[in-house]
Structures are given as structure tokens and as C-alpha cells.
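Okay, here's what each chain looks like letter by letter:
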Amino acid sequence: MDFNMKKLASDAGVFFTRAVQFTEEKFGQAEKTELDAHFENLLARADCTKNWTEKILRQTEVLLQPNPSARVEEFLYEKLDRKVPSRVTNGELLAQYMIEAANDFGPNSPYGKTLIKVGETERRLGGAERDFIHSASINFLSPLRNFLEGDWRTISKERRILQNRRLDLDACKARLKKAKAAEAKAALWSDEVEKAEHELRMAQTEFDRQAEVTRLLLEGISSTHVNHLRCLHEFAEAQATYYAQCYQYMLDLQKQLGSSRGEMLPGTFVGNAESTSPPSATASPTTIAAGAATGPAVPIIPVVPTVIGAPNSAPAVEALNPSDVKPPASGTRKARVLYDYEASDSTELSLLSDEMITVYSLPGMDPDWLIGERGNQKGKVPVTYLELLS
């Protein structure tokens, strides 16, 4: 019991001495041992790494899970060391609603068929999103959290110990200075000076040892950067895979809807949006994303006119002779050409950007094409190269 009481008293005395030293330093009444410039740079670099890692971690969590309540729930499960329950993604939930709506409206109706097709694509998009979130959480978020909750806590602990060692050292320096000042007045204080010098040597040894430990930990921040760099590459790779999957799924949906849009929307014109470059079936997701960032979007699923009431048995115009084609009595429209187009054979019409032509559709014609007329010239033209005008 006596030993514990003495230890508590000693700890209280050390704490009080450090508090006094810290307060006097703040008011400029005591000298402070300064760390060398290299050490200060290591400290600043470590603080910068910690602050930006926290910000990147939090914003990545928002990107992967925009719902704040869901993020709090996942955080609590993680702290309790329990598995986070599986959660339906927004795309999967939308798919469920669309398919249920199709069953109510009639799965064989045009609207019902389209709802099912779009719903299945949304389900696949939701699955791809789930895989991306899982990959990003393991390969990117977990290493960032491990640094903040592991390495950084160790660094912070050692920095606090170093701060205490420095306060002890400066307090010893102050006591020695007072002892020497008293010794100058009376020789009886020589023992006090010797004691203060001994304490100073011990404090200096403890400070130097702790400074070396802390310095090694701070220099390890470079290894942390290397590790985070690798994780960042993996995160970008997972994101690229996710967007490539989404792009492919939407291309498949485009083809499915394109093959049936004449049946779905007979006699309807839908104009094309403005764009800055011609569409390409081989364009990559990166190219399309860049185009979306720099100009209006290229229309993906244009719908072309059909003459209502035309017999279903009318011959297709794939092998048309332009001189034999007659424009319908109604259903013709003006169109502005968006890009230059060079005809591949005699059935097609070459186009120049910004020129105006007359266009119309014929029964049984491929919905991706129209008949275009310019003066006495006539031929097939691709819908995606036109802006249909009202």
C-alpha cells in the first residue's frame, strides 16, 4: 500500500512539473528544447498524411454509400466486429419494381416487355455496383483505415511520450539553472547542483532515446505512401472494370430496344440530340465519358418514323434502287446533318456536316436508317448522323 501511495504521489509530482513547464513555455517564461529541422519536416509530413488520408477515406465512403444512415449502420457493425447485413443496391431495387410493374401491365405488352428488358439490365448494373463496392472496400478503404487505426495511433502515442520527455528535460534544465544561480550565492548548494546535473543527464538520455524511436516511425510514412499508392491503383482498376461492365450492359440493352422500337413506337419521330463527334460502335467507356464531359451527349437509341397503316408485307429497302423510291404522302421531315458521311455504296447518300436534307422512312426499313433526299439525289442515310427538326 505504501509503495502504491508513493508511486501515485510521484506520478502526480511529475504531472505537475510538466504542467508548470508547459504553461511557462506558452507564456514565454521558460526555454524550450527545439527539434531539428529534419525532425520537424517529418512531423509535418506525418500530420499532412493523416489529415488527407482521413478526408480521402471519408469521401470514398460517401462515394460508395451515399446514404448517411447506412454508413452509420455499417460503422457500428464494424466496431462491434459483426458482419454487415447484405443490402439491396438501388439498381437492384429499381429492377424489382420494373419487373413487378411489367407483370401487372402484362409481360407480353410492348410496355411490359420493355420494362422487363430494362429491369434485367438494372439488375445486372446493381450486381456490378455491389462487386465494385466490395472490391473498393477491401483493396482501398481497409488499408486507409488500418493506417489511421494502427500505424497512426502508434505514432501519436510515441509523439506524446516524446513531448513528455522534452518537458522533463526542459524542467531539469530549469532546475539546474536555478541551482547554479543559488550556488553562486552560497557554497552550501553544491549538492543541489550535482543532483540537478544527474537528473539532467538522465532526462537527456530518455529524450534522445524517445526521439530516435519517434523518428524511425515518422520515416516509415514513406512506406505508407507506397502502400497507399498501390491501393489507389487497385481502386482505379476496380472502378474502370465497373464502368466498363455498365457500358457493355447498356450497349446490350440498346441493341435489344433497338430491335423492337419500330414495334413499340409506330409512327413516332424522336429527334437526335446535338453532339460534337460522330458515334462509334467501338468507342470505349473512357472516350464516351470524355465526350460527355466536354459537350452534349450523343443519342444512343434514336427512333425513326414509320408510315402508319402500311402493309406489314412490304418489301424491305435494304436493296433499294434510289431512283425507284417515292416519298410518302405524309411523314417527311427536315433534318440537319451533324457529321460528314461517305456513302459505302450506290444505295446510300453521302452527307456534309450542317447541310439540310429531307428524310422519311419506308415500311420494313431498318430503324437505324432513313431515306434522305437532297435535290435530285436520293439514298439511305444513318439516323445517328442527323438531327431531326420539328
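These numbers come from a predicted model, not from an experiment.

**Quick notes on the overall build of the protein**
- Secondary structure summary: the protein contains eight helices and five strands in total.
- Traced from its N-terminal end to its C-terminal end, the protein shows the element sequence α-α-α-α-α-α-α-α-β-β-β-β-β.
- Put simply, of all contacts in the protein between residues at least 6 apart along the chain, 71% involve residues at least 24 apart.

**Brief notes about the pattern of salt bridges**
- Taken as a whole and assessed by the stated rule, the structure comprises 18 salt bridges.
- Across the pair Arg123 and Glu120 runs a salt bridge, and its minimum N-O distance is 2.9 Å. Here Glu120 and Arg123 lie together in helix H5 (residues 110-183), a separation of three residues that amounts to about one turn.
- Among the residues examined, Arg123 registers a relative accessible area of 43% and is labelled partly exposed.
- Residue class for Glu120 comes out partly exposed when judged on its relative accessible area of 31%.
- Arg374 serves as the salt-bridge partner of Glu355, at 2.7 Å between the closest nitrogen and oxygen. Note that Glu355 is positioned in the loop between strand E1 (333-337) and strand E2 (356-360) and Arg374 in strand E3 (residues 369-374), a separation of 19 residues in sequence.
- Classification of Glu355 as buried rests on a relative accessible area of 15%.
- Put simply, Arg58, Glu61 and Arg145 are held in one network by salt bridges that share partners.

**Some remarks on helix H3 (residues 68-79)**
- Across its 12 residues, H3 extends 17 Å between first and last C-alpha, which sits within 8% of the 16 Å expected from 1.5 Å per residue.
- Just downstream of H3, Asp81 is the residue with a positive phi angle, here 55°.

**Quick notes on the packing of aromatic side chains**
- Counted by the stated rule, this structure contains nine aromatic pairs.
- For the pair Phe132 and Phe235, a centre-to-centre distance of 6.1 Å together with 35° between the ring planes defines the contact as tilted. One end of the pair, Phe132, is in helix H5; the other, Phe235, is in helix H7 (residues 221-264), with 103 residues separating them in the sequence. An identical accessibility class is assigned to Phe132 and Phe235; each is buried.
- Relative to Tyr243, the ring of Tyr242 has its centre 5.1 Å away and its plane inclined at 45°; by these criteria the two rings are tilted.
- An aromatic cluster of at least three residues, connected via ring pairs, comprises Phe132, Phe140, Phe235, Tyr242 and Tyr243.
- One cation-aromatic arrangement involves Lys55 over Trp52; the distance from NZ or CZ to the ring centre is 4.6 Å.
- The positively charged end of Lys380 is found above the aromatic ring belonging to Trp369, 5.3 Å away from the centroid.

**A short note on the side chain of Thr214**
- Locating Thr214 in the fold gives a position in helix H6 (residues 190-219).
- Those residues in contact with Thr214 that lie beyond four places of it in its chain are Phe39, Glu158, Arg159 and Leu162.

**Some points on the sheet that holds strand E5 (residues 386-388)**
- Taken together, the five strands give an open sheet; going across it, the order is E4-E3-E2-E1-E5, and neighbouring strands pair in antiparallel fashion. Whereas interior strands pair on both sides, the edge strands pair on one side only; in this sheet they are strand E4 (377-382) and E5. Strand-to-strand, the axes of this sheet are offset by a mean angle of 40°, without reference to chain direction.
- Summarising the sheet, E2 and E3 pair through three bridges and their orientation is antiparallel. Paired with Val359 across the strands is Gly372, a residue of E3.

**Examining the nonpolar core**
- Among the nonpolar cores identified, the biggest contains 36 residues, and Phe39, Phe132, Phe140 and Leu218 are the most heavily contacted of them.
- Taken together, the elements giving at least two residues each to this core come down to helix H2 (37-64), H5, H6 and H7.
- Here this core takes 16 residues from H5, the largest share from any one element.
- Not counting the four nearest positions on each side in its chain, Phe39 is found in contact with Leu162, Ala211, Thr214, Arg215 and Leu218.
- Listed in part, the 20 residues of the second largest apolar core include Val337, Leu351, Val359 and Leu370.

**Some points on the environment of Leu148**
- One can find Leu148 in helix H5.
- Remark: the alpha-carbon pair of Leu148 and Glu54, spanning 94 residues in sequence, is separated by 7.7 Å.
- Residues within four places of Leu148 in sequence aside, it is in contact with Lys50, Thr53, Glu54, Leu57 and Arg153.

**Some remarks on the packing of helix H4 (residues 90-105) against H5**
- At a minimum axis separation of 7 Å, H4 and H5 run at an interaxial angle of 165°. Here H5 runs roughly antiparallel to H4, going by the angle between their axes. Where H4 crosses over H5, the two elements pack in a sense that is left-handed. For the pair H4 and H5, contact is made by Gly91, Glu92, Leu94, Ala95, Met98, Ile99, Ala101, Ala102 and Phe105 and by Tyr111, Gly112, Leu115, Ile116, Val118, Gly119, Glu120, Glu122, Arg123, Gly126, Gly127 and Arg130, respectively.

**Some remarks on the confidence of the model for the protein**
- Mean pLDDT over the protein: 80, with 77% of residues reaching 70 or higher.
- With pLDDT under 50 throughout, residues 265-276 is counted as low confidence; its partners more than four residues away or in other chains account for 37 contacts.
- Across residues 280-318, confidence stays below pLDDT 50; counting only partners more than four residues off in sequence or on other chains, it has 57 contacts.

Conventions and cut-offs
- Residues numbered from 1 in each chain as written.
- Predicted model: local features only at pLDDT ≥ 70, side-chain atom pairs only at ≥ 80, totals over all residues.
- Heavy atoms only, no water.
- Helix = DSSP H or I, 4+ residues; strand = E, 2+ residues; numbered from the N terminus.
- Contact = heavy atoms within 4.5 Å.
- Salt bridge = Lys/Arg side-chain N within 4 Å of Asp/Glu carboxyl O.
- Buried < 20%, exposed > 50% of the residue type's maximum accessible area, 1.4 Å probe, protein only.
- Expected span 1.5 Å × (residues − 1).
- Phe/Tyr/Trp six-rings, centres within 6.5 Å; stacked < 30°, edge-to-face > 60°.
- Lys NZ or Arg CZ within 6 Å of the ring centre and 35° of its normal.
- Pairing = 2+ DSSP bridges.
- Axes fitted to C-alpha atoms, helices over the stretch in contact; angles between N-to-C directions.
- Core = buried A, V, L, I, M, F, W, Y, C linked by side-chain atoms within 4.5 Å.
- Parallel < 35°, antiparallel > 145°, perpendicular 65-115°, else oblique.
- Left-handed = near helix turned anticlockwise from the far one by under 90°.
- pLDDT = per-residue confidence, 0-100.

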